[in-house]
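# Structure at a glance
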6 protein chains.
Amino acid sequence: MKILWINPVSGINEFDEKIRKIFDSVKRTDVEVEVTHLTRGPPHLEYKSYEPLILVDTLEKVVQAERSGFDAVIIGCFDDPGLQEARELVSIPVIGPGEACMHIASTLGHKFSIVTAKKEALARLEDHVLMYGLEKKVASFRFIDMGVLEMEKEPERVHEAILRESKKAIKEDDAEVIILGCTVETGFMDQLIKELKVPVIDVTVVSFKFAEMLADLKKKTHLSHSKICGYKSPSKDDMLIGVTP
Amino acid sequence: MKILWINPVSGINEFDEKIRKIFDSVKRTDVEVEVTHLTRGPPHLEYKSYEPLILVDTLEKVVQAERSGFDAVIIGCFDDPGLQEARELVSIPVIGPGEACMHIASTLGHKFSIVTAKKEALARLEDHVLMYGLEKKVASFRFIDMGVLEMEKEPERVHEAILRESKKAIKEDDAEVIILGCTVETGFMDQLIKELKVPVIDVTVVSFKFAEMLADLKKKTHLSHSKICGYKSPSKDDMLIGVTP
Amino acid sequence: MKILWINPVSGINEFDEKIRKIFDSVKRTDVEVEVTHLTRGPPHLEYKSYEPLILVDTLEKVVQAERSGFDAVIIGCFDDPGLQEARELVSIPVIGPGEACMHIASTLGHKFSIVTAKKEALARLEDHVLMYGLEKKVASFRFIDMGVLEMEKEPERVHEAILRESKKAIKEDDAEVIILGCTVETGFMDQLIKELKVPVIDVTVVSFKFAEMLADLKKKTHLSHSKICGYKSPSKDDMLIGVTP
Amino acid sequence: MKILWINPVSGINEFDEKIRKIFDSVKRTDVEVEVTHLTRGPPHLEYKSYEPLILVDTLEKVVQAERSGFDAVIIGCFDDPGLQEARELVSIPVIGPGEACMHIASTLGHKFSIVTAKKEALARLEDHVLMYGLEKKVASFRFIDMGVLEMEKEPERVHEAILRESKKAIKEDDAEVIILGCTVETGFMDQLIKELKVPVIDVTVVSFKFAEMLADLKKKTHLSHSKICGYKSPSKDDMLIGVTP
Amino acid sequence: MKILWINPVSGINEFDEKIRKIFDSVKRTDVEVEVTHLTRGPPHLEYKSYEPLILVDTLEKVVQAERSGFDAVIIGCFDDPGLQEARELVSIPVIGPGEACMHIASTLGHKFSIVTAKKEALARLEDHVLMYGLEKKVASFRFIDMGVLEMEKEPERVHEAILRESKKAIKEDDAEVIILGCTVETGFMDQLIKELKVPVIDVTVVSFKFAEMLADLKKKTHLSHSKICGYKSPSKDDMLIGVTP
Amino acid sequence: MKILWINPVSGINEFDEKIRKIFDSVKRTDVEVEVTHLTRGPPHLEYKSYEPLILVDTLEKVVQAERSGFDAVIIGCFDDPGLQEARELVSIPVIGPGEACMHIASTLGHKFSIVTAKKEALARLEDHVLMYGLEKKVASFRFIDMGVLEMEKEPERVHEAILRESKKAIKEDDAEVIILGCTVETGFMDQLIKELKVPVIDVTVVSFKFAEMLADLKKKTHLSHSKICGYKSPSKDDMLIGVTP
């Protein structure tokens, strides 16, 4: 099986390399993984107004992935940009780390806290929690107050800040599970589970494993996303646009 | 005061003209209104995957509007594409017909029904209702089963279909208010109020009046959208992108 | 257009005068505004058990307003006493500052906090938020711990207390919008918006502007409150009571 | 123990007599019951705008009851008019049939349906269900489409209509418990339980038994309604009004 | 009327005796009460995994109670173990202190806090609150951080801890009613009501009084739990198991 | 990796065999699967009162599984009996098909319907949906009106009934995903996906694949269920009971 991880931002070759190694250490032996990113657009998505700048290119990568025989594709950002749009355009499983990891976390404990970058993300996170129907499972949102570019440069500080905010989430907000709500907060999962003694979800790792499972299920049972109503593909008549299949 | 209505689609000059006339008949005497549309992209937004094709151009029009001295701008589609993004980028009121009209309808009766184009919109409508926090005020969603382009051509059929579905919403779903959930369903408000004997919200007319009110409030009290947290503007350092102010 | 503001309490001539001036500074040029109050009953409504003492007189003023040709009427208390009752009895828009301002605030930011007089109001406020369907939009309730009569006498202290509690609401409760949840907290809107750098809703000013908008919409499109089901008028046979139309 | 049932309407001497007999057949041997009604105001409360006409007189009866040594008082209408106001004014238990019976019904089956008079009541019922926090326990609202005065005259038709609507509630709406949502629908409880084979709550009978229990608990443990925050009594300084204690 | 209280644990003879005396002091003169416990299984139910060890024996006691002519039975633990199961098996009222007291508390003030043993109970309590449909009525959960066996030995410390946590619940969480969420927290009701000046619900006392009321209602009107759908009894064909009737 | 599926009922050797074959056809090559059932107790769990008869034996099998080196265990019933209890007792992932499949279904479409055996299950299903926090994702519950034992004997009728009820769920209730809410409804997934053209979740297959994923994640990252608060293990001092570890 072949799985594609799209980093929906530009200029982050090192990060591609980093997570490719992580995938190599957790993937099934029968899985091939490819990591890609965009050639233009912003280097992070901390503002909602940056999303429109990456959506068309991201969707084209998704459509291209299906045509090239990938079995599943992950849009590698916890905000799940373009998730619904992508599901309209292809039939293979499209995974959003936000959606996938919040649902998986819900099966691992009574409530989860999301520990992520900056408080500016709060409104968007709350909207997503509502849309995914998971409002009752959230203990709290906690912020490490670092930007994405900063996080890529200073993993030590990231680790410390995650520890600090996660401990508060567990003690003060009664979280039983921690979700690291940014794909850049990757590489600490094992260590944090030992340190915090609760399940910690590295959304890069866990959404990738979920993609493996869905790709496998699609192969063996044809299960994939719904294509009626919410994710219905634009019809032939509507195919005025490059990106549609 | 100057207000801009953006039709976030292309190739609809006649529709521009039609609603300009409607605005002329309902506007305050001290208001100037301009109607515009995009020069490229799809002619309708019935698919979620069409939205990315209009977002950048729409946001540029919003930013341009503020620079040109407009006092408020309306993104003329009930799905409110780019609403949050636009509010990050400017300080003048940006109005989404979906958000504005659902809240106004909530003050006119116990529950409202949304009567709109096609059932494929259901998931998106439900997501928006959740995000706007109005789930408890919805009696039902009813669909006239016509596409936007079809609706523009056959206003008679649209009128009949709205009547039919609204009556069901009132009788079977206990709606006390009807929202016509597509900007194209415009021009029947007066008539439908007489025929149905309940408040009927033409979202083109009513969101325009709401924009007038917010523009006036901004002038007199400086009230406008929040610029902290959810709608915070990208900072100077992040200004790598044409569209940002 | 003629709009009536009813202060549903007695013995507050100075306050009438104060808000008439405020309305003069924010009203449209084509609007006439009248401010009135009751000739008996309590001077404030801090207890739920005071409401029955003002309801009949308030409703009679509403009915009289419609007969005298007013285009809209505002029941000038954030608790919206008699709002539903009034809508049963007349066909012109009846505005409740609580209902109107909570919905408008919902369109200006992700969540709002209500900063108001005394904590005793909490249960009633929470009930109203539920009834208006806006539970998801509330960040918090904050109290300045001053009674209404005290507030009228000491505007300086009111201003300071609002600043203090609003800052807490923004910082600790993640409010993006502040609603000043008492009609007496009026006159500071402009200043507070500058000081707090978030939208601040003076419910006296903003509900008045909403009344202007609805009165205008009624004139031009016949839109008004629903008269079926929830707000249905008592029938002729039931007209045993002075107050009914 | 002495319990007072107040019919908060006028001109219904026969109904007083009818329910006094019902109370005699279900009461504890150590309980004395008195039934009273108002000397003015409307004969029913089908319109929200009729409530203000009975509130002051009803509250005075409640205050008088406490002074005369009653151990509990029931405001005998399923809409619970004046319930919160009354609890501000006295320390003995004040029971609202709506509130009491919805909570009791919630302990007798998974969901209940309310079978009551006319559909115009729907908005008010839904508001009460929300305020009582019981939204999740409601299977449906069903209406027998008879006015209160009609119901008093034609008990046979009432019985038939209740049977018809309850059967629909059980079959189509999955109700496991039926609440007869009007105090006039009394006298059929035993029979309906046999006919429908589900718990049927005669709100007159059941709220009376709940009042017995609370009166007994007050005697033996001093338990009664909260007097802080929501139901706090007006202070001495505020005692400008006849009705306050 | 005869009422049975089952302590669904073993080895607690003294506690049986203690609460029998409490019941004697609060019961109606026409009620006989019996207190029993199990002969095997754990002495407390602080872990969810202990419940399976007492369920079969508890259900057999319930079935036996109905056969022996008891009019109602209370499963004496705030977690209501086996409540739904028991209602499938008998027709007499089965009372769960958790369910009964949360609903009664909801009628005594705007919101209640549950003050109980250990934080480990939090997830289970939240699940029950959701199942009983009372999420909106909960102000907070507060824990005295003592185990059940500890509590039985040190009533003084229990009393102090309840006072401390209840005061926080009232002041910080705006609770208007306190529920002592463990049957072992009994014997302080009167005193705590005086000390805290809010309604305090001793779940042992109050659920017993609720059982009296339901037993009386069953006698006089045949009202009891629903036996359709949720609580339907296993049919004759299924009677392969000792415990079924 | 070794995975155990426990059928928590007795006397169903043929069913064990059937699903072992299904697992063989969908499992990863590096996974060994074992299927087991109980040696006593009821042959199905259609009544809530049957659950206590299987809980202790089921929990012992779970504890034994961990000791024998299994990497994950599935409690093979959609009602997830003993799920929380089991997670208290072991550290390996314990999967409940109900919980796992409702969350996975939530990632495959806007809303799902559960198509299952008999309407008597409705209350329990609704309780579980609430506990899992997924109320907003449910389109409807539909019942094929067959008992479990009947279903095992007549797969043809099961298939037809599922088709019929699923079509209604899609057309009338706007379901985008179908969950077959009983482990016995297995073996039709592929076929139903083709026939219904929406994702259909065979809970036996899909919860097994989820177990594979969690077992793999546990191996590679130590991720498993939370062991604080909700699922905390009974301490050594409490180890009076055979079943505890």
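What you see is a predicted model, and the numbers here were worked out from it, not measured in a lab.

### Thoughts on the overall build of chain A
Looking only at helices and strands, chain A has nine helices and eight strands in total. Against the 2.2 N^0.38 benchmark of 18 Å for 245 residues, chain A shows a C-alpha radius of gyration of 17 Å, consistent with a compact globule. Principal-axis analysis of the C-alpha atoms places the extent of chain A at approximately 55 × 35 × 35 Å. The burial tally for chain A puts 64% of its 245 residues in the buried class. Within chain A, contacts between residues separated by at least 24 positions form 71% of all contacts whose residues are at least 6 apart in sequence.

### Some details on the pairing of strand E6 (residues 138-143) of chain F
Residue and element names in this part refer to chain F. Where strand E5 (residues 112-116) meets E6, five bridges bridge the pair, whose relative direction is parallel. Across the sheet, Phe 112 pairs through a bridge with Val 138, a residue of E6. Each parallel crossover has a hand, and for E5 linked through helix H5 (residues 122-131) to E6 it is right-handed.

### Considerations on the sheet that holds strand E2 (residues 32-38) of chain B
All names here are of chain B. Taking strand neighbours across the sheet as the criterion, the four strands line up as E2-E1-E3-E4 in an open arrangement whose pairing is parallel. Two strands lie at the open edges of the sheet, namely E2 and strand E4 (94-95), each paired on one side alone. Contacts from helix H2 (residues 52-67) reach strand E1 (2-10), E2, strand E3 (72-75) and E4, with the element oriented near 165 degrees to E1.

### Description of the relation of the copies chain F and chain A
The transform that puts chain F on chain A rotates by 180 degrees and translates by 0.0 Å along the axis, for an RMSD of 0.0 Å. As the rotation angle and translation indicate, the two copies are arranged about a two-fold axis. Considering only C-alpha atoms, the part of chain F nearest the rotation axis is F:His103, at 2.8 Å. Same-surface contact between copies: 100% of interface residues of chain F are shared with the interface of chain A.

### Some points on the domain arrangement of chain A
Residue and element names in this part refer to chain A. Parsing chain A into structural domains produces domain 1 (2-96 + 205-238) and domain 2 (98-203). If you look at the interface, domain 1 gives 19 residues, while domain 2 gives 24 residues. Only helix H1 (13-26) and helix H9 (203-221) provide two or more residues apiece to the side of domain 1 that touches domain 2. Among the elements that take part in the side of domain 1 that touches domain 2, H9 stands out by supplying four residues, more than any other. Here the side of domain 1 that touches domain 2 is composed, by residue class, of eleven nonpolar, four polar and four charged.

### Side note on H9(A)
Taking 1.5 Å as the rise per residue, H9(A) with 19 residues should run 27 Å; its terminal C-alpha atoms sit 26 Å apart, in good agreement. Looking at the residues trailing H9(A), positive phi occurs at A:His222, about 70 degrees.

### Observations regarding the interface of chain F and chain A
Each partner contributes residues to the interface: chain F has 42 residues there, and chain A has 42 residues. The element best represented in the side of chain F that touches chain A is helix H9 (residues 203-221) of chain F, accounting for nine residues. Counted by class, the side of chain F that touches chain A contains 19 nonpolar, twelve polar and eleven charged residues.

### Comments concerning the sheet that holds strand E8 (residues 200-202) of chain D
Residue and element names in this part refer to chain D. If you trace the four strands from one edge of the open sheet to the other, you get E6-E5-E7-E8, paired in parallel fashion. Single-partner strands in this sheet number two, and they are strand E6 (138-143) and E8. Geometrically, the sheet is characterised by an average inter-axis angle of 20 degrees between neighbouring strands, direction not taken into account. Sheet analysis places strand E7 (residues 177-180) next to E8, joined by three bridges and oriented parallel. Looking at E8, one finds that Ile 178 is bridged to Val 200. Sheet strands in contact with helix H9 (residues 203-221) are E7 and E8, and its direction is about 75 degrees off that of E8.

### Side note on the packing of helix H5 (residues 122-131) of chain A against helix H5 (residues 122-131) of chain B
For the pair H5(A) and H5(B), interaxial distance at closest approach is 9 Å and the crossing angle is 130 degrees. Here H5(A) is positioned oblique relative to H5(B), judged by the angle of their axes. Helix-helix and strand crossings are classified by hand; for H5(A) and H5(B) the assignment is right-handed. In this structure, H5(A) uses A:Asp127, A:Leu130 and A:Met131 to contact H5(B), whose residues at the interface are B:Asp127, B:Leu130 and B:Met131. Among the residues making up the contact of H5(A) with H5(B), the classes are represented as four nonpolar, no polar and two charged.

### Describing the pairing of E5(F)
Residue and element names in this part refer to chain F. Within E5, five of the five residues are buried, which leaves the element mostly enclosed by the surrounding structure. With burial as the criterion, each face of E5 is covered, one bearing Phe 112, Ile 114 and Thr 116 and the other bearing Ser 113 and Val 115. The pairing of E5 with strand E7 (residues 177-180) spans four bridges and is classified as parallel. Its bridge partner lying in E7, Ser 113 is registered against Ile 178.

### So, the environment of E:Phe78
Residues and elements named next belong to chain E. Relative to the helices and strands, Phe 78 resides in the loop between strand E3 (72-75) and helix H3 (83-89). Given 29 C-beta atoms within a 10 Å radius, Phe 78 is considered buried. The sequence separation of Phe 78 and Lys 18 amounts to 60 residues, and the corresponding C-alpha distance is 17 Å. Setting aside its immediate chain neighbours within four residues, Phe 78 contacts Pro 97, Gly 98, Thr 116, Gly 181, Cys 182, Thr 183 and Val 203.

### Topic: the confidence of the model for chain A
Chain-level statistics for chain A give a pLDDT mean of 93 and a share of 96% at 70 or above. Predicted complex, confidence summary: ipTM 0.95, pTM 0.96.

### Quick word on unusual backbone geometry
The phi dihedral of A:His222 falls on the positive side, at around 70 degrees, and the residue is not glycine. Considering the arrangement of structural elements, one finds A:His222 in the segment after H9. Of note, the phi angle at F:Asp145 is positive, near 60 degrees, even though the residue is not glycine. Inspection of the secondary structure assignment puts F:Asp145 in the loop between E6 and helix H6 (148-153).

### Concerning the environment of D:Lys119
On the secondary structure map, D:Lys119 appears in the loop between strand E5 (112-116) and helix H5 (122-131). Those residues in contact with D:Lys119, other than ones at most four positions away along the chain, are C:Cys229 and D:Phe143.

### Quick notes on the environment of B:Gly187
Residue and element names in this part refer to chain B. In this structure, Gly 187 sits in the loop between strand E7 (177-180) and helix H8 (189-196). Along the chain, Gly 187 and Val 205 lie 18 residues apart, while their C-alpha atoms are 8.6 Å from each other. Not counting residues within four places of it along the chain, the set of residues in contact with Gly 187 comprises Ile 22 and Pro 155.

Reading the values: the criteria
- Residues numbered from 1 in each chain as written.
- Chains lettered and ligands numbered in written order.
- Predicted model: local features only at pLDDT ≥ 70, side-chain atom pairs only at ≥ 80, totals over all residues.
- Helix = DSSP H or I, 4+ residues; strand = E, 2+ residues; numbered from the N terminus.
- Rg over C-alpha atoms; globule rule 2.2 N^0.38 Å.
- Buried ≥ 20, exposed ≤ 12 C-beta atoms within 10 Å, placed from the backbone.
- Contact = placed C-beta atoms within 7 Å.
- Pairing = 2+ DSSP bridges.
- Right-handed = clockwise from strand over helix to strand, strands pointing away.
- Axes fitted to C-alpha atoms, helices over the stretch in contact; angles between N-to-C directions.
- Least-squares fit on C-alpha atoms with pLDDT ≥ 70 in both.
- Domains from an automatic or database assignment.
- Nonpolar A, V, L, I, M, F, W, Y, C, P; charged D, E, K, R; others polar.
- Expected span 1.5 Å × (residues − 1).
- Parallel < 35°, antiparallel > 145°, perpendicular 65-115°, else oblique.
- Left-handed = near helix turned anticlockwise from the far one by under 90°.
- pLDDT = per-residue confidence, 0-100.

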